[in-house]
Amino acid sequence: MLVAITSLAPLSQEKSKNDFKTLLWQISGNGLQKPSYLFGTIHMICSDDALLSDSLKNAIQNTEAVYFEVDMDNLFEMLGVVRKMKMRDDTTLADLLDKEDYQKVKKYFEDKGTLLPFSILETYKPLLAASMLMENGTECKTPEAMEEVIMKEAKRHGKNVRGLETMAYQMSIFDTIPYKMQAMQLVKYVDDADKGQTDNKEYDKLLQAYKDQDLSKLEELTKTTDMGISNFTDILLYNRNQNWVEKLKGIMPDKAVVIAVGAGHLPGDKGVINLLRQAGYTVKPVPNKIKRTNQI
């Protein structure tokens, strides 16, 4: 998120492209026979807002496959990932926190009424548990994942669904951040919520920036609402962005695809958009206006 600029003209051109508010981008040039498309997703949003533009629908219809971060059509992998969400060596939050902080976190989870009981959540890698709190806290009767909506559209047109990385790899990333540090960030999240300083306010800002299709704002919020783990952005974002682009170099010449990954991965110097441009591709914004039908 975060190329050397050799002249002011390219700088102003690239800036104007990135300032265009859209989540949908066309990838062409560099020997591609047909354009591919890049779309920024969000993992949980109110179903009323989980809509696809005609532009995105056309992109799906006119390409051969949809690539998500992980293969969401692989039920075996999806089911197998549950055990990989847990901390290694049977570690629980009780092993990482003192009694006072542990009881504080436990009470917060139980008061929030999460889908999974705390006895299970306390075995999960703390940052995963925290992200569940944030996403489940959306004030929606029917929250929905954008990836699910896109996958349904892909299936409707008989398109293959693939993944850029495995879910096991995604979960392993959280093993590289000390569990103790993750646990202390979870405590900070709960403390801030108790003071009225957060409790999903940060996620609400992310949601609004997403609905506004404002990648610049999303980049800014990602930096400031990362729960204090900014030292690990290389692991969580940048290294993965580079890995995806390297993989896409081998995919896109053979077939046109839609790449749907978290919107936070798109903007910035080390974002997917800029990395694709550095690799020689032309990446242009595509208007992504959502048409809403008025209900009486």
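Above this text sits the structure in question.
Residues numbered from 1 in each chain as written. Predicted model: local features only at pLDDT ≥ 70, side-chain atom pairs only at ≥ 80, totals over all residues. Heavy atoms only, no water.

Novice: Is there a simple way to explain the overall build of the chain in this structure?
Specialist: Along the backbone of the chain there are 14 helices and 8 strands. Within the span of the chain, comprising 296 residues, buried residues form 49% of the whole. (Helix = DSSP H or I, 4+ residues; strand = E, 2+ residues; numbered from the N terminus. Buried < 20%, exposed > 50% of the residue type's maximum accessible area, 1.4 Å probe, protein only.)

Novice: Help me understand the pairing of strand E4 (residues 65–68) in this model?
Specialist: Sheet faces and side chains relate simply in a regular strand, where the side chains alternate between the two faces. Burial along E4 is two-sided: Ala-65 and Tyr-67 facing one way and Val-66 and Phe-68 facing the other are all buried. Here 4 bridges tie E4 to strand E6 (residues 160–163), and the two strands are oriented parallel to one another. Along E6, the bridge assignment pairs Val-66 with Val-161. Alignment of E4 against strand E7 (residues 257–262), held across 4 bridges, turns out to be parallel. (Pairing = 2+ DSSP bridges.)

Novice: Would you mind showing me how to read the packing of helix H5 (residues 99–112) against helix H10 (residues 179–194) here?
Specialist: When two helices pack together, their arrangement is given by the angle between the helix axes and the distance between those axes. Closest axis-to-axis distance for the H5/H10 pair is 10 Å, and the angle between their directions is 60°. Regarding the angle of H5 to H10, the classification is oblique. The handedness of the crossing between H5 and H10 comes out as left-handed. Of the residues in H10, those in contact with Asp-101, Lys-104, Val-105, Tyr-108 and Phe-109 of H5 are Met-184, Leu-186, Val-187, Tyr-189, Val-190, Asp-191, Ala-193 and Asp-194. Among the residues forming the contact of H5 with H10, the class breakdown is 9 nonpolar, no polar and 4 charged. (Axes fitted to C-alpha atoms, helices over the stretch in contact; angles between N-to-C directions. Parallel < 35°, antiparallel > 145°, perpendicular 65-115°, else oblique. Left-handed = near helix turned anticlockwise from the far one by under 90°. Contact = heavy atoms within 4.5 Å. Nonpolar A, V, L, I, M, F, W, Y, C, P; charged D, E, K, R; others polar.)

Novice: Quick question: what am I supposed to make of the packing of aromatic side chains here?
Specialist: For any two aromatic rings, the description comes down to two numbers: the centre-to-centre distance and the angle of the planes. The tally for this structure, following the rule as stated, stands at 3 aromatic pairs. Ring plane angle 85° and centroid distance 6.3 Å describe the contact between Tyr-108 and Tyr-189, whose orientation is recorded as edge-to-face. With Tyr-108 in helix H5 and Tyr-189 in helix H10, this residue pair connects regions lying 81 residues apart in the sequence. Classification of Tyr-108 as buried rests on a relative accessible area of 8%. Seen from their ring centres, Phe-109 and Phe-118 are 5.7 Å apart, and the 55° between their planes marks the pair as tilted. Its relative accessible area of 7% is what places Phe-118 among the buried residues. (Phe/Tyr/Trp six-rings, centres within 6.5 Å; stacked < 30°, edge-to-face > 60°.)

Novice: Looking at this model, I keep getting lost on helix H2 (residues 54–61). Mind explaining?
Specialist: Helical periodicity: at 3.6 residues per turn, an α-helix aligns residues three or four positions apart in one direction. Those residues of H2 lying buried are Leu-56, Ala-59 and Ile-60. Projected onto a plane normal to the axis of H2, the buried residues spread over an arc of 100° and lie on a single side. Turning to H2, the residues buried within the fold contact strand E1 (24–28), strand E2 (36–41), E4, helix H8 (146–156) and E7. (Arc of directions from axis to C-beta.)

Novice: Hey, could you run me through the nonpolar core in this one?
Specialist: When a protein is soluble and globular, its nonpolar side chains tend to lie buried together. With 88 residues, the main nonpolar core has Leu-38, Val-105, Ile-150, Tyr-210, Met-252, Ile-259 and Leu-276 as its most contacted residues. Ranked by residues supplied to this core, first place goes to H10 with 7 residues. Each residue touching Met-252, except ones within four places of it in the same chain, is listed here: Ile-27, Leu-32, Ser-36, Val-257, Ile-259, Leu-276 and Tyr-281. (Core = buried A, V, L, I, M, F, W, Y, C linked by side-chain atoms within 4.5 Å.)

Novice: What should I look at first to understand the sheet that holds E4 in this one?
Specialist: Within a sheet, neighbouring strands are paired by backbone hydrogen bonds and run either parallel or antiparallel to one another. The strand order E6-E4-E7-E2-E1-E8 describes an open sheet built from 6 strands, whose pairing is mixed. Bordering the open sheet on either side are E6 and strand E8 (282–286), each of which pairs with just one other strand. With strand direction ignored, the average angle separating the axes of adjacent strands in the sheet is 25°. As defined by bridge partners, E1 adjoins E2 across 4 bridges and the pair is classed as antiparallel. From the neighbouring strand, Leu-24 faces E2, where its bridge partner is Phe-39.

Novice: Quick question: what am I supposed to make of unusual backbone geometry here?
Specialist: Its identity as a non-glycine residue notwithstanding, Asn-30 has a phi of 55°, on the positive side. Along the chain, Asn-30 falls in the loop between E1 and E2.

Novice: When you look at the side chain of Arg-240 in this model, what are you seeing that I'm missing?
Specialist: With respect to the secondary-structure elements, Arg-240 resides in helix H13 (residues 233–251). By relative accessible area, Arg-240 is classed as buried at 8%. At a separation of 2.9 Å, a polar atom in the side chain of Arg-240 contacts the main-chain carbonyl oxygen of Leu-236. Excluding its chain neighbours within four sequence positions, the residues that come into contact with Arg-240 are Glu-69, Glu-165, Tyr-169, Gln-170, Ile-173, Ile-235 and His-265. (Polar contact = N/O pair within 3.5 Å; in protein donor to acceptor, adjacent residues only side chain to side chain.)

Novice: Quick question: what am I supposed to make of a nonpolar patch on the surface here?
Specialist: There is a patch of nonpolar side chains on the surface, built from Leu-115, Leu-116 and Ile-120 and spanning about 280 Å² of accessible area. Among the structural elements, Leu-115 can be located in the loop between H5 and helix H6 (118–121). (Patch = residues over 30% accessible without salt bridge, like charges linked within 9 Å, V, L, I, M, F, W, Y side chains within 5 Å. Areas by Shrake-Rupley, 256 points an atom, 1.4 Å probe, with all protein chains shown as cover. Salt bridge = Lys/Arg side-chain N within 4 Å of Asp/Glu carboxyl O.)

Novice: Help me understand the environment of Val-66 in this model?
Specialist: Note that Val-66 resides in strand E4. Note on Val-66: relative accessible area 0%, which makes it buried. With 84 residues separating them along the chain, Val-66 and Ile-150 place their C-alpha atoms 8.5 Å apart.

Novice: Where do I start with the pattern of salt bridges in this structure?
Specialist: Between side chains of opposite charge, a pair can form as their charged atoms come close. Using the criterion set out here, one finds 14 salt bridges in the structure. When the shortest N-O distance is used, the salt bridge between Lys-21 and Asp-214 registers 3.6 Å. Residue Lys-21 is located in the loop between helix H1 (8–19) and E1, and its partner Asp-214 is located in the loop between helix H11 (201–211) and helix H12 (215–224); the two are separated by 193 residues in the primary sequence. The network of salt bridges with shared partners includes Glu-69, Glu-165 and Arg-240.

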